[in-house]
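# Structural description and commentary
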Protein chains: 2
Amino acid sequence: MTVGVRHDDLRRRNRAMVIAAVRRAGQPSRTEIAAVTGLSNSTISTISADLIEEGILAQAKNGETAALKRGRPQVALGLNPRAATVVAIALSLNSLSASLIDYSGKAIIHDISRPATLTMTASGLVEAVTAAVGRLLARMEPDHGPVLRMTLAIQGITDSEARKLMWSPITPHSDIQFADALETAFGIPVTVENDCNMIAVALRGRAPDRYRDNFFTILLSNGIGMGLVLRGELFTGSHSSGGEFGHMIHVPDGAQCRCGRRGCIEAYAGNYAIFRHARGESEYAQPAADIDDATMLALAAAARDHDGREREAFRKAGEAIGFGLGSLFALFDPAPVAIVGLGSSAFDVIEPALRDAISKTAGGQHNAAISFDLEPDETPLIRDGCARQALTFVDQDIFAAGTAVETAGKAVA
Amino acid sequence: MTVGVRHDDLRRRNRAMVIAAVRRAGQPSRTEIAAVTGLSNSTISTISADLIEEGILAQAKNGETAALKRGRPQVALGLNPRAATVVAIALSLNSLSASLIDYSGKAIIHDISRPATLTMTASGLVEAVTAAVGRLLARMEPDHGPVLRMTLAIQGITDSEARKLMWSPITPHSDIQFADALETAFGIPVTVENDCNMIAVALRGRAPDRYRDNFFTILLSNGIGMGLVLRGELFTGSHSSGGEFGHMIHVPDGAQCRCGRRGCIEAYAGNYAIFRHARGESEYAQPAADIDDATMLALAAAARDHDGREREAFRKAGEAIGFGLGSLFALFDPAPVAIVGLGSSAFDVIEPALRDAISKTAGGQHNAAISFDLEPDETPLIRDGCARQALTFVDQDIFAAGTAVETAGKAVA
DNA sequence: TTATTTTTTTCGAGGCTCGAAAAAAGAGCT
DNA sequence: AGCTCTTTTTTCGAGCCTCGAAAAAAATAA
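Structural notes, computed from the coordinates.

Calculation notes
Residues numbered from 1 in each chain as written. Chains lettered and ligands numbered in written order. Predicted model: local features only at pLDDT ≥ 70, side-chain atom pairs only at ≥ 80, totals over all residues. Heavy atoms only, no water. Helix = DSSP H or I, 4+ residues; strand = E, 2+ residues; numbered from the N terminus. Rg over C-alpha atoms; globule rule 2.2 N^0.38 Å. Buried < 20%, exposed > 50% of the residue type's maximum accessible area, 1.4 Å probe, protein only. Contact = heavy atoms within 4.5 Å. 1 Å grid on protein atoms, 1.4 Å probe; cavity = no way out; pocket = protein on both sides within 12 Å on 5 of 7 lines; lining within 4 Å. Points joined across faces, edges and corners; volume = space filled by probe spheres on them. Nonpolar A, V, L, I, M, F, W, Y, C, P; charged D, E, K, R; others polar. Domains from an automatic or database assignment. Salt bridge = Lys/Arg side-chain N within 4 Å of Asp/Glu carboxyl O. Near = heavy atom within 4 Å. Polar contact = N/O pair within 3.5 Å; in protein donor to acceptor, adjacent residues only side chain to side chain.

It is worth spelling out the overall build of chain A at this point. For chain A, the count of helices and strands is 12 helices and 14 strands. Relative to the compact-globule value of 22 Å for 413 residues, chain A shows a C-alpha radius of gyration of 23 Å, a close match. For chain A, the spread of C-alpha atoms along the three principal axes comes to 70 × 50 × 45 Å. Per-residue burial over chain A gives 54% buried out of 413 residues. Within chain A, residue pairs in contact and separated by at least 24 positions form 63% of the contacts whose partners lie at least 6 positions apart.

In structure tokens, the structure reads:
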């Protein structure tokens, strides 16, 4: 049972709400905050005074206060960029990027490297990440705020506690304890998240009107990933990061999937499956570990150009994704879908079969109303999602509580 | 954005929590309530005094205070049965039951009738329900509490506002505005819910340890229904009651479903599908509107008895449900499943194929750990779920607010 | 009967939010 | 420049709410 609301929780919640309102609105005045939160002006005044005192918020240097109206001008409040920083790390096949993000959400420093993830040992992988973060932190300057949180996004399955990588296509090893290792090395709390989930977080943050209650993000690459947001909240499974859309069954006992099972959606729509079909190989041929981008773009070009095996391969992919989405729509009703990753640049050759399949499912009558947003480059979205995830934690669980980290960014003029 | 927490919300929430604690625990003492809610003894004392004053709670007549310990004996608090009543209505094929439930959750009066739902007009159906409720209320006695809420459960799809029936197999008509009609007739707020969702509510209430965070209830009858609870909350779609498990696609372009599409799980596992297969009819034969229970039990007996078409029909049904569950497990991780309805009495002939299918899916490695609870008779569960749903509303949205209905059940000695 | 133990109530303190009133800060106009 | 008007922000007292400590209540054990 949820625990009772104590008196001090009340202040914490309302502080959290004020911080969230500022993060969302950018530079709102106290009056605007009062309007969105529903709290009274006097309460907002008190809370924002505290937050400024603690160095979490800062009054904007007026300047462009926009359309001058009569009356006392509004004072814009903003997040103090030096109040804190977070680290956003994206680890994918042969690629590792770590970024330092200031409290206002701006990326300050990047560290990009290309470790050979498939051939490294598990501890080698952990060390590569630790080293990247180490390099990043070494480049911090004195006026950057303290690092209060790190978020690591990885392609694959993480545990529901967001502490370890249970399985991933980027490495043969499993159950890698990234969070423990990084926390030991740096003394900063860490979570390990699924990359598609972070994409969903990023999209929700960027376009809250469109990605509001229920929506899906689908990452089309060698594997198929999904981020699932239900009722505005990121859905993670009870044991894992969940949302294994790519491993829903499309055809019982069908094509060979990389996961060892048969008939998964991925076994028809993953890059390796498209490649396999386009080359005329058997559905049961061993999946390739990776297909480079140029090859996939060439296949898509061929599919556009003429009716042949390539076009049929993309058709099969579209059909698999379409029936899968149809099943999701049967469960959750139709909802916006974002198609992310290289596969979205071939979406034009996938879409006809996909829509055809959807129209045969329970969501079919809304086929026309369902639109797909395409985002070919997933990397910035993943980093953005990690940053937002980490900053939200700082907002809600550290700064809203008020106590402790008093000294954070006070040194600001 | 969620609205700010005002000062009076605090009291409302804590009152709601006290009421919920009493409903769950049955006859807890103030000290026990303090322990579960995390509120202080003095707060519980104040709140419970108010609730008793308002006639919502009542001190138990001591009596069996159990194991007498040293010290001042605990005073058991209970829900005052006369504080309010609710009406629980279950409408299914050719069957209508309405029940008056007292505030403690006990059913007091029933009204059972058998309208010919398939052949009635839409307004005839509404009138049948209105008449049943009218008869029920006419039999109320003076010391019953006021009726504060009605919940109507129907097999089929309801809208997300829980106000109308959008589609149902029990009637050819659609978009029937039950809530408006009943509210106009009786002046009591009404919701219209999906029957499987109410079964899920009932199970969560009865066995909260087992049915805690994520679980599924599957109703096997002529159609296949599902109730979906995620993170402890009943999941409903954005436009409808959602959870149309029966219309997830099992075989693309497969057998003819009652919904007009092809390859749905229901087209393999619904009673009509099993019947059709067992009789050696084509997968595309027109689905029967209803198969009586005796026929289905006879088919199951034949399947148990010898290897023939009947056994093959149940095998196909198990396979369809198993792959469907496998897809759910891929999305949500494995979770408890309750199989409800007549179909569960044939579960022994379904289970082998079902488990075989699950083992071929992403949740397969946990196959052994997945257990199925069987509940052959769905009617009491539906009624129970409706009652719980309605009572929870009274608890949280009427009594917790405190104002207004002051006079409710004060007349209690 | 008295001491002990446990539950429940009472009471004052401390916080929090709110509404009303006051103060602040500029625009508009003469 | 000076006055008025408008809007935002702050201040202040009132009213609630929860909490901890102490007191009261109610029963058992000796």
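Let's pick the thread back up.
All right, on to the layout of surface pockets then. Here the idea is plain: a probe the size of a water molecule rolls over the atoms and shows the empty space left. Residues and elements named next belong to chain B. If you add up the space inside the second largest pocket, you get close to 770 Å³. Ser-92, Leu-93, Gln-155, Asp-293 and Glu-378 are, among the 34 residues lining the second largest pocket, the residues nearest its centre. Elements represented by at least two residues in the lining of the second largest pocket include exactly strand E3 (85-92), strand E4 (95-102), strand E10 (215-220) and helix H12 (379-399). Tallied by class, the residues present in the lining of the second largest pocket amount to 15 nonpolar, 10 polar and nine charged. In terms of domain composition, the lining of the second largest pocket takes at least three residues from each of domain 2 (84-199 + 380-399) and domain 3 (222-377).

Opposite charge on two side chains makes pairing possible when the charged atoms of those side chains draw close. By the definition in use, this model includes 44 salt bridges over all chains. Note that Arg-315 of chain B is salt-bridged to Glu-319 of chain B, the shortest N-O span being 3.5 Å. Taken as a pair, Arg-315 of chain B and Glu-319 of chain B lie in helix H10 (residues 309-332) at a separation of four residues, close to a single helical turn. A cluster of three or more residues bridged by salt bridges with shared partners is formed by Glu-312, Arg-315, Lys-316 and Glu-319 of chain A.

In this section: the protein's contact with DNA strand C. Neighbouring DNA strand C are 28 residues; Thr-43 of chain A together with Arg-6, Thr-31, Ser-45 and Val-75 of chain B lie closest to it. The sugar-phosphate share of atoms of DNA strand C within 4 Å of the protein amounts to 66%. Within the backbone of Arg-72 of chain A, a nitrogen or oxygen atom sits 3.3 Å from a base nitrogen of DNA strand C. Of all the secondary structure elements, the ones that give two or more residues to the surface near DNA strand C are helix H1 (7-25) and helix H3 (41-53) of chain A together with helix H2 (30-37) and helix H3 (41-53) of chain B. Tallying contributions element by element places H1 of chain A first for the surface near DNA strand C, with four residues. Its residues assigned to classes, the surface near DNA strand C shows six nonpolar, 14 polar and eight charged.

These figures come from the coordinates and say nothing about function on their own.
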